[in-house]
Amino acid sequence: MCGRFNLRTNPATLVQLFLPQMDVGDVPPLPPRYNIAPTQQILAVTGDDAEHRSLRFFRWGLVPPWADSLSIGARMINARSETVAEKRSFRGPFASRRCLIPASGYYEWQASDNGGKQPIHIHRDDDGLLAMAGLWEENRKASADGAPVFSCTVLTTSANEKTAPVHDRMPVFLEGAGVDAWMDPDASSEQLQDLCRPLADERLECTPVSPKVNRAGYDDPQCIVPIKIATQRNLFDT
DNA sequence: CCAGACGTTGTT
DNA sequence: GTCTGG
DNA sequence: CCAGACGTTGTT
DNA sequence: GTCTGG
């Protein structure tokens, strides 16, 4: 799944990959984020085609139009791609409110024998920018001040060979022609479903990182620094 | 008809 | 809002 | 996803 | 244990 991620890029890269018609100067500065958590405002790319894209903030955790509390969104941070066309809260957004959520990497917590959890940073082998498949929604009942709330969710699919040892689910990542295909308003449900496959095995690397990343408020470069793991074996060997 | 859910993950 | 369960 | 709270009354 | 907040 995807319950925490990072975004370490600059406006030029973002524009080059996902917003070709946008002037780099019109993109706000992008301070690097190392620990992005649910309920926070996250950047997403919307717009039907490459000529009409925009970059907007959404609350992470989809809040359906009927919800009268933002807390509903905390349990809607992901949507299973296999069932997204049928689920009541997701099928509307799936049909007409798809988006791209840029990410440089995401985190999984690998369960260990002793009951502990080791955080793993999963990122491209070249550390390049990724695009997660997302859906967005608008709600006019949930905010305290009555202002409309725009929120989003990240689609998931089965893990690939690289990530399966860590966790059995992963975000849907779009690449190449899949990016425009995902954003095409005329795409059929079947075509969209076809895009929701695990990323090619060779693209991703899994790197153990410090449990400092556990704390959502710890937004620091330390979150992605690789660490050595003291395994059962090397504890006895040394 | 009305009431109640509407979601995913991991764990038991 | 819309669907499922009773 | 993980961390941290989880409650009310009366008094200051 | 379960929910809320980040």
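Residues numbered from 1 in each chain as written. Chains lettered and ligands numbered in written order. Predicted model: local features only at pLDDT ≥ 70, side-chain atom pairs only at ≥ 80, totals over all residues. Heavy atoms only, no water.

Student: So what about a positive patch on the surface? Which residues, and what values?
Tutor: Together, Arg80, Lys87, Arg88 and Arg91 make up a positively charged patch on the protein surface. Residue classification places Arg80 among the partly exposed positions, given a relative accessible area of 45%. (Patch = residues over 30% accessible without salt bridge, like charges linked within 9 Å, V, L, I, M, F, W, Y side chains within 5 Å. Areas by Shrake-Rupley, 256 points an atom, 1.4 Å probe, with all protein chains shown as cover. Salt bridge = Lys/Arg side-chain N within 4 Å of Asp/Glu carboxyl O. Lys, Arg positive; Asp, Glu negative; His and termini not counted. Charge placed at Lys NZ, Arg CZ, Asp CG, Glu CD. Buried < 20%, exposed > 50% of the residue type's maximum accessible area, 1.4 Å probe, protein only.)

Student: Could you give me a rundown of the protein's contact with DNA strand B, with the residues and numbers involved?
Tutor: Close to DNA strand B lie 17 residues, the nearest being Arg75, Arg80, Arg88, Ser89 and His167. Close to the protein, within 4 Å, the atoms of DNA strand B belong to sugar or phosphate groups at a rate of 67%. Within the contact set of DNA strand B, a phosphate oxygen lies 2.7 Å away from a side-chain nitrogen or oxygen of Arg80. With respect to DNA strand B, the side chain of Thr156 contributes an N or O atom lying 3.1 Å from a phosphate oxygen. Counting residues per element, the surface near DNA strand B draws most heavily on strand β5 (residues 78-80), at 3 residues. (Near = heavy atom within 4 Å. Polar contact = N/O pair within 3.5 Å; in protein donor to acceptor, adjacent residues only side chain to side chain. Helix = DSSP H or I, 4+ residues; strand = E, 2+ residues; numbered from the N terminus.)

Student: Can you break down the protein's contact with DNA strand D residue by residue, with the values?
Tutor: Within the structure, DNA strand D sits among Met1, Gly3, Arg4, Pro38, Ile77, Trp109, Lys117, Asn214 and Arg215. The sugar-phosphate portion of DNA strand D accounts for 77% of its atoms within 4 Å of the protein, the bases making up the rest. Between DNA strand D and the protein, one listed contact pairs a base oxygen with a side-chain N or O atom of Arg4 at 2.9 Å. Between DNA strand D and the protein, one listed contact pairs a phosphate oxygen with a side-chain N or O atom of Lys117 at 3.2 Å. For the surface near DNA strand D, the class distribution of residues is 4 nonpolar, 2 polar and 3 charged. (Nonpolar A, V, L, I, M, F, W, Y, C, P; charged D, E, K, R; others polar.)

Student: How would you sum up the sheet that holds strand β12 (residues 204-208)? Please name residues and give values.
Tutor: In a beta sheet, neighbouring strands are held together by backbone hydrogen bonds and run either parallel or antiparallel to one another. The 5 strands are arranged β2-β1-β7-β8-β12 in an open sheet whose pairing can be described as antiparallel. In this open sheet, the two strands that pair with only one neighbour each are β2 (33-36) and β12. For this sheet, the mean inter-axis angle between neighbouring strands, taken without regard to orientation, is 30°. Looking at chain direction, strand β1 (residues 5-7) and strand β7 (residues 105-111) are connected through 2 bridges and run antiparallel. Bridged to Asn6 within β7 is Gly105. (Pairing = 2+ DSSP bridges. Axes fitted to C-alpha atoms, helices over the stretch in contact; angles between N-to-C directions.)

Student: Which residues make up the nonpolar core, and what values do they have?
Tutor: Grouped together as the largest cluster of nonpolar side chains are 55 residues, with contacts concentrated most on Phe5, Phe18, Ile101 and Trp182. Tallying contributions element by element places strand β9 (residues 130-139) first for this core, with 6 residues. By size, the runner-up hydrophobic cluster in this structure holds 5 residues, among which are Tyr34, Tyr107, Val209 and Val213. (Core = buried A, V, L, I, M, F, W, Y, C linked by side-chain atoms within 4.5 Å.)

Student: I'd love a proper account of the environment of Ile42, names of residues and values included.
Tutor: Inspection of the secondary structure puts Ile42 in strand β3 (residues 41-46). Along the backbone, Ile42 and Trp60 are 18 residues apart, and their C-alpha atoms lie at a distance of 6.3 Å. Those residues in contact with Ile42, other than ones at most four positions away along the chain, are Phe5, Ile36, Arg56, Phe57, Phe58, Trp60, Ile101 and Cys152. (Contact = heavy atoms within 4.5 Å.)

Student: Talk me through the packing of aromatic side chains; I want residue IDs and the actual numbers.
Tutor: Applying the stated criterion across every chain yields a total of 6 aromatic pairs. Summarising the aromatic geometry, the rings of Phe5 and Trp60 are spaced 5.2 Å apart at their centres and angled 70° between planes, so their arrangement reads as edge-to-face. Pair noted here: Phe5 is in strand β1 and Trp60 is in strand β4 (residues 54-60), with a separation of 55 residues, a long-range link. The burial state of Phe5 is the same as that of Trp60; both residues are buried. Here Phe58 and Trp136 contribute two aromatic rings whose centre-to-centre distance is 5.7 Å and whose plane-to-plane angle is 45°, an arrangement assigned as tilted. Separated by 78 residues along the polypeptide, Phe58 in strand β4 and Trp136 in strand β9 bring together distant segments of the chain. Given a relative accessible area of 15%, Trp136 falls into the buried group. The cationic tip of Arg56 hangs over the ring face of Trp136; the distance from NZ or CZ to the ring centre is 5.0 Å. (Phe/Tyr/Trp six-rings, centres within 6.5 Å; stacked < 30°, edge-to-face > 60°. Lys NZ or Arg CZ within 6 Å of the ring centre and 35° of its normal.)

Student: Please provide a residue-by-residue account of unusual backbone geometry, values included.
Tutor: Even without glycine at this site, Thr39 takes up a positive phi of about 80°. Here Thr39 shows up in the loop between β2 and β3. Residue Thr39 is classed as partly exposed on the basis of its relative accessible area of 40%. Its identity as a non-glycine residue notwithstanding, Asp127 has a phi of 60°, on the positive side. Tracing the chain through its elements places Asp127 in the loop between β8 (117-124) and β9.

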